[in-house]
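# Architecture at a glance
Listed here are the chains, written in short residue letters.
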Amino acid sequence: TRSLSITSADQPMVEKAQGDKVTLPCTFVLSEEDEGPLDIEWVLIPADSQKNDQIIIMYSVDRIYNNLYAPLSGRMQFTNPDPRSGDGSLDILNLKAADTGTYQCKVKKAPGVKSHKIQLTVLVKPARTKCSVEGSQEIGKDVTLKCASQDGSPLLSYDWKRVSGRQELPATSVLNRNTGELLLKNASEDYSGIYHCVASNRVGTDECSVHLNVTPPINTAGIIVGAIIGTLLGLSILVSLVFCCCKKHREKKYEKEVHHDIREDVPPPKSRSSTARSYIGSNRSSLGSMSPSNMEGYTKTPYSQVPSEDFERPPGQNATFAPSKVAAPNLSRMGAVPVMIPAQSKDGSIV
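Residues numbered from 1 in each chain as written. Predicted model: local features only at pLDDT ≥ 70, side-chain atom pairs only at ≥ 80, totals over all residues. Heavy atoms only, no water.

Per an unreviewed UniProt entry, the protein goes by CXAR protein and derives from Turnix velox.

Here it is as structure tokens:
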């Protein structure tokens, strides 16, 4: 008894890159004995055997059902719009890493039933590959060039090449293709140049470059001494500026205090004219009370000199003046009656 058979080539494993399109083949041939309705199912078999199979798309009773599995909704379809022609292959668009799994095509037309499994692996191309330099780029030092892809399915392989100057890698270089590290031992100035790294796996490649500049050793001692001297010089300048500012501020403050701070307990200085008028006025008041009995002593009082500022004394102290000859005062202006006062000459006679 003949029955339907699947005629697709035996292809148990398929590898594709993320974002690509894949066609999972499933062609079949019906026999004359297969008289029941045609059913075609694509099932995703989970890696965990404890989970049930998931129907993702099916053709039954002349109708296609393609919304049975949400993660693939809108990204899968039958390759032939009419699977009754004998082609039940499945197209999956815009592949994702999560699409990796085992897919089974099951064709049923009673009494015949056949199935076919395919292992799909979605690989991620290397992407966002970065190159860097690790270590001191000085003559005689060991330098490591690093290359790593942030995205990409294993197994990734790395390869370095020199694209400037001498094309070949230095003789002392050691390459690790699995980690992407290129070790350059005892570097010299000849090692300087641009280095190029290529990261690759079975579905794609990605590249990056780095510039290596090997220079003579830096005089760290001189740099440290220079930094110390510069720091001390800067501090000395700063201290000088602060000192000058403080001194200027104190001077201004002192001038302001002297200008505005007037002491109330110190009287203002007396001028010469005011001192003289005070002295003369006091003597004039004395003349108003003169009598014949006290005129004799009055005539001995000097009027020829006016006290100067040299004779001024602070309040509370009595001033003493030396006697001197003075002109007789005008008694008529002082309101007194002139009186003749006998005077005694040097020889003792009365004048």
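Moving on from the model shown.
### Quick word on the overall build of the protein
For clarity, the cut-off: What counts as a helix is a DSSP run of H or I of at least four residues, what counts as a strand is a run of E of at least two, and both are numbered from the N terminus. Only protein chains enter the area calculation, which uses a 1.4 Å probe; residues under 20% of their type maximum are buried, those over 50% are exposed, and those in between are partly exposed. The contact criterion used is simple: two residues touch if any of their non-hydrogen atoms lie within 4.5 Å.
Of regular secondary structure, the protein possesses three helices and 18 strands. Relative to its 351 residues, the protein shows a buried fraction of 28%. A separation threshold of at least 6 residues defines the contact pool for the protein, and within that pool the share at least 24 residues apart is 55%.

### Some remarks on the state of the cysteines
Note the threshold: Criterion for a disulfide: a pair of cysteine sulfur atoms within 2.5 Å.
A full pass over the atoms with the stated rule returns three disulfides. Linked covalently through their sulfurs, Cys-26 and Cys-105 form a disulfide whose S-S length is 1.9 Å. On the S-S bond that ties Cys-26 to Cys-105, the torsion sits near -65°, and the link is left-handed. Separated by 79 residues along the polypeptide, Cys-26 in the loop between β3 (22-24) and β4 (28-29) and Cys-105 in strand β10 (residues 101-109) bring together distant segments of the chain. By relative accessible area, which is 0% here, Cys-26 ends up buried. The side chain of Cys-131 participates in a disulfide bridge whose partner is Cys-208; the two sulfur atoms lie 1.8 Å from each other. The sign of the 70° torsion about the S-S bond sets the Cys-131-Cys-208 disulfide as right-handed. Remark: Cys-208 occurs in strand β18 (residues 204-212) and Cys-131 occurs in strand β12 (residues 127-134); sequence separation between them is 77 residues. Taking relative accessible area as the criterion, Cys-208 reaches 10% and is therefore assigned buried.

### What about the environment of Gln-150?
Structurally, Gln-150 can be placed in strand β13 (residues 143-151). A relative accessible area of 43% means that Gln-150 is categorised as partly exposed. The contacts of Gln-150, once residues within four sequence positions are left out, are Ala-127, Arg-128 and Lys-130.

### What about the nonpolar core?
Here is the rule we go by: Here the nonpolar core consists of buried residues drawn from Ala, Val, Leu, Ile, Met, Phe, Trp, Tyr and Cys, with membership extended through side-chain atoms lying within 4.5 Å.
In terms of nonpolar packing, the biggest core is built from 25 residues, with Leu-24, Trp-42, Ile-56, Leu-90, Ile-92, Tyr-103 and Leu-120 touching the most fellow members. Secondary structure elements with two or more residues in this core: β3, β5 (38-45), β6 (54-60), β8 (76-78), β9 (90-92), β10 and β11 (112-123). Formed by 18 residues, the second largest nonpolar core is a distinct cluster that contains Cys-131, Val-143, Cys-197 and Ala-199.

### Some words on the pattern of salt bridges
Defined as follows: By salt bridge we mean one thing: a side-chain nitrogen of Lys or Arg within 4 Å of a carboxyl oxygen of Asp or Glu.
Tallied over the entire structure, the rule returns ten salt bridges. In this structure, the salt-bridge partner of Lys-21 is Asp-91, at a minimum N-O distance of 4.0 Å. Of the two residues, Lys-21 sits in the loop between β2 (13-17) and β3 while Asp-91 sits in strand β9, which places them 70 residues apart along the sequence. Residue Lys-21 is classed as partly exposed on the basis of its relative accessible area of 47%. Since its relative accessible area comes to 4%, Asp-91 is described here as buried. In this structure, Lys-108 and Glu-41 form a salt bridge, with 3.9 Å as the shortest nitrogen-oxygen distance. Placement of Lys-108 in strand β10 and of Glu-41 in strand β5 is noted, with a sequence separation of 67 residues between them.

### Let's talk about the pairing of β11
Here is the rule we go by: Each pair of strands is called paired provided DSSP finds at least two bridges between the two strands.
One ladder, built from five bridges, connects β2 with β11; its direction is parallel. Directly across from Lys-16, in β11, lies its bridge partner Val-122. Taken together, the nine bridges between β10 and β11 define a ladder with antiparallel strand orientation. Paired with Lys-109 across the strands is Gly-112, a residue of β11. Following β10, the chain reverses through two residues before pairing antiparallel with β11.

### Remarks on the sheet that holds strand β16 (residues 181-184)
Strand pairing in a sheet takes place through backbone hydrogen bonds and is either antiparallel or parallel in direction. What counts, and what does not: Lines fitted to C-alpha atoms define the axes here, with helix axes fitted over just the stretch in contact, and angles between the N-to-C directions of these axes take values from 0 to 180 degrees.
The four strands lie next to each other as β12-β13-β16-β15, forming an open sheet whose pairing is antiparallel. One side of each edge strand has no neighbouring strand; the edge strands of this open sheet are β12 and β15 (173-176). Strand-to-strand, the axes of this sheet are offset by a mean angle of 10°, without reference to chain direction. Direction of pairing for β12 relative to β13: antiparallel, over a ladder of seven bridges. Bridge assignment links Thr-129 to a residue of β13, and that residue is Ser-149.

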